[in-house]
Amino acid sequence: MSEVHIRRVPAEFAAEAHIRAEDYEKLYHQSVEDPDAFWAQQAKDFLQWQKPFTKVCEEDLKRGHAAWFADGALNVTVNCIDRHLPARAQQTAIIWEGDDPADSKTITYGELHEQVCRLANLLRARGVKKGDRVCIYMPMIPEAAYAMLACARIGAVHSVVFGGFSPDSLKDRILDSDCRVVITADEGVRGGKKVPLKANVDQALSSCPDVHTAIVVKRTGANVDWHSKRDIWYAESVAEQNAECEPEVMNAEDPLFILYTSGSTGKPKGVLHTTAGYLLMASMTFKYTFDYKEGDVFWCTADVGWITGHSYIVYGPLSAGAISLMFEGVPTYPDASRCWEVVDKHQVNIFYTAPTAIRALMGAGDEYVTKTDRSSLKLLGTVGEPINPEAWEWYYQVVGDERCPIVDTWWQTETGAHLITPLPGAIDMKPGSATKPFFGVQPALLDEKGREIDGEGEGALVMKASWPSMIRSVFGDHQRMIDTYFSSFPGYYFTGDGARRDADGYYWITGRIDDVLNVSGHRLGTAEIESAIVLHDDTAEAAVVGYPHDIKGQGIYAYVTLKSGHEPSDALRQELIDLCVKEIGPIAKPDIIQWAPGLPKTRSGKIMRRILRKIACNELENLGDTSTLADPSVVDELIEHRANC
Ligand code: 6R9
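Because the structure is a prediction, the values reported are computed rather than measured.

About the cut-offs
Residues numbered from 1 in each chain as written. Predicted model: local features only at pLDDT ≥ 70, side-chain atom pairs only at ≥ 80, totals over all residues. Heavy atoms only, no water. UniProt positions renumbered as here; feature names shortened; annotations may be inferred. Helix = DSSP H or I, 4+ residues; strand = E, 2+ residues; numbered from the N terminus. Near = heavy atom within 4 Å. Polar contact = N/O pair within 3.5 Å; in protein donor to acceptor, adjacent residues only side chain to side chain. Areas by Shrake-Rupley, 256 points an atom, 1.4 Å probe, with all protein chains shown as cover. Nonpolar A, V, L, I, M, F, W, Y, C, P; charged D, E, K, R; others polar. Buried < 20%, exposed > 50% of the residue type's maximum accessible area, 1.4 Å probe, protein only. Pairing = 2+ DSSP bridges. Domains from an automatic or database assignment. Contact = heavy atoms within 4.5 Å. Buried area = accessible area lost by both parts, 1.4 Å probe. Salt bridge = Lys/Arg side-chain N within 4 Å of Asp/Glu carboxyl O.

## What about the UniProt feature "domain: AMP-dependent synthetase/ligase" (unreviewed entry) in the protein chain?
According to UniProt, the "domain: AMP-dependent synthetase/ligase" (unreviewed entry) feature falls on residues 87-464. The straight-line gap between the two end C-alpha atoms of residues 87-464 is 40 Å; of that span, 31% is helix and 23% is strand.

Set out below in structure tokens:
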């Protein structure tokens, strides 16, 4: 391994930080020695309760069970809005920066309160009750946050579906969680292009007869089809509603939201998060990982359709009374200076993005960065995939002028909040390492036999104890949650990632060890893409693997076998790509399709993905044992016709 360049916590930063090295050691120790006392204190400090809790944690990881603060009651929006009003009604809650650099506005906590209450009342008026599911399919506009919070206000469970997903994906998600109401917009705007959200909803809803209401924000004013029994305009309808709305009193363990994510098998799962534990960790990690101080402007570039947007655009920042910047566009539009121009325009102090964006901007050239000022920046963050040290150094030196610590935050949809991350005033950075566990988090590495590895080593990354924002269920299929996360290694939560621990106890995430791809920081199951490809009449079989991609981290490499009598062609290749886009969305577009007369299979018929991965990665010298293959000659054939990448 090349030598690791340790970046020390800058002394000036540490001096002002919420958590310094000695605090981290002490608090971490407390948090794992006496978790109940630690978390009880945090839950009192960070959250406002309508009914205090007397229980802290009940857990039995063997059954995948955890409940936190179970007899307490609170409302998330009281915590994210109402309790800030006495001091911050006039303070900005959300800065919105449109796709067009000329478009921006601010929303104060007072305005946020009014908007959320009006929409919550509208939902109630349309029959939505506590526990009902509401689908949100929106562009990155403030109404997306209002919609999430309006659900939380009345105890409805939101299911945000990323606006880049296709009508088919949207339909599957609406049906799976039985949403009866959809909140959307006429169109979205990203990078100067329009996204036909309402048309996608119309298409999806043609197969969702139980959806009785679609609330439509007018974003572009485009002409859209109208179903007068079902569709209502957002602005007109909320204007008729009362500006006050009594918050529903929620039990700590009542569901807050469902968010679909890809796994190694089958359709995406609806990860279910509950109220108090989720909010506590979103709030706490927001404050400590980003060392957020009163008045700082915080910008997370994620979409609200992903967990990062949930926890670090909406719930974390707003629960802390922070100023959260929401960006509608993309980092390269109008050009690769956009992020830094937005930083200067709104005097952003903390900037949080994905390695794929950093690599893309790095590729565009330093001058896009250096021509901007960026002196407002104090801290930088990354999330979504491992960051290669070269991109880390560029981010540190060119974007942050060697002044801003970088927090490389490891976590998942299922974890709700950061689990392994530097705390910037406390933990020295090593480029490429997510460093150390957050308070209360107890990672372990297991070998193939499921034994814990002590000290330095590499293995499957698991958690030995629950944490407040742990996944509680897979919506509609609790057993699937137990099977996916709690069965491979009984008594542990299994992350699906591999990791290495170095001599200093730092964690280095090595990537997924299951059949999940990470393409530009987006999770995709290989099985989902394969199912889309084999929907085509000409295809017999498909096997999808990842391969290293300079910008995306991983690219999608699909091996496709055609039915006999069908010939490969460029037109067919395009049809298969289009099918993936239609079934899943543009993020699932295969980068490479290799026609495969046969796939390497064991005698029992299992596809040997290990071999396909090596061929895709061009690691041909070390294919491992191929003697168990039913027909070893297919490997030579695949190598001979390997696609160039
Ligand atoms: C938050 C989020 C989760 C998967 C996770 C891992 C990868 C996320 C990472 C990272 C290395 C980091 N991942 N953060 N890998 N370093 N800092 O991305 O959630 O979309 O559910 O993806 O992303 O493989 O298992 P999600």
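On we go.
## Some points on the site of the ligand
Contacts to the ligand come from 17 residues, most closely from Asp408, Thr409, Thr413, Asp497 and Arg523. At 3.4 Å, a side-chain N or O of Asn518 approaches an oxygen atom of the ligand. Between Arg523 and the ligand, the recorded distance is 2.7 Å, taken from a side-chain N or O atom to an oxygen atom. Surface burial for the ligand is 96%, taken as the share of its 530 Å² of free accessible area covered by protein chains. Elements that contribute at least two residues to the shell around the ligand include exactly helix H12 (307-319), strand S20 (406-409) and strand S25 (507-512). Of the residues contributing to the shell around the ligand, the split by class is 6 nonpolar, 6 polar and 5 charged.

## Some points on the pairing of strand S14 (residues 255-261)
Most of S14 sits out of view: 6 of its 7 residues are buried. For strand S7 (residues 157-160) and S14, the ladder comprises 2 bridges, and the chain directions are parallel. Residue Ser159 lies in a different strand from S14, and its bridge partner there is Ile258.

## Some thoughts on the domain arrangement of the protein chain
Domain boundaries in the protein chain define domain 1 (11-500) and domain 2 (520-641). Inter-centroid distance (C-alpha atoms) of domain 1 to domain 2 is 33 Å. Listed by partner, the interface residues are 21 residues for domain 1 and 19 residues for domain 2. Summing both partners gives a buried area of about 1,500 Å² for domain 1 against domain 2, and 45% of it is carried by carbon and sulfur. The tally of links between domain 1 and domain 2 comes to 2 salt bridges. Among the salt bridges present, the one from Asp168 reaches Lys582, with a minimum N-O distance of 3.0 Å. Linking domain 1 to domain 2 there are 13 residue pairs in polar contact (both at pLDDT 80 or more). Secondary structure elements with two or more residues in the side of domain 1 that touches domain 2: helix H8 (167-176) and helix H14 (355-364). Class assignment of the residues belonging to the side of domain 1 that touches domain 2 gives a composition of 4 nonpolar, 13 polar and 4 charged.

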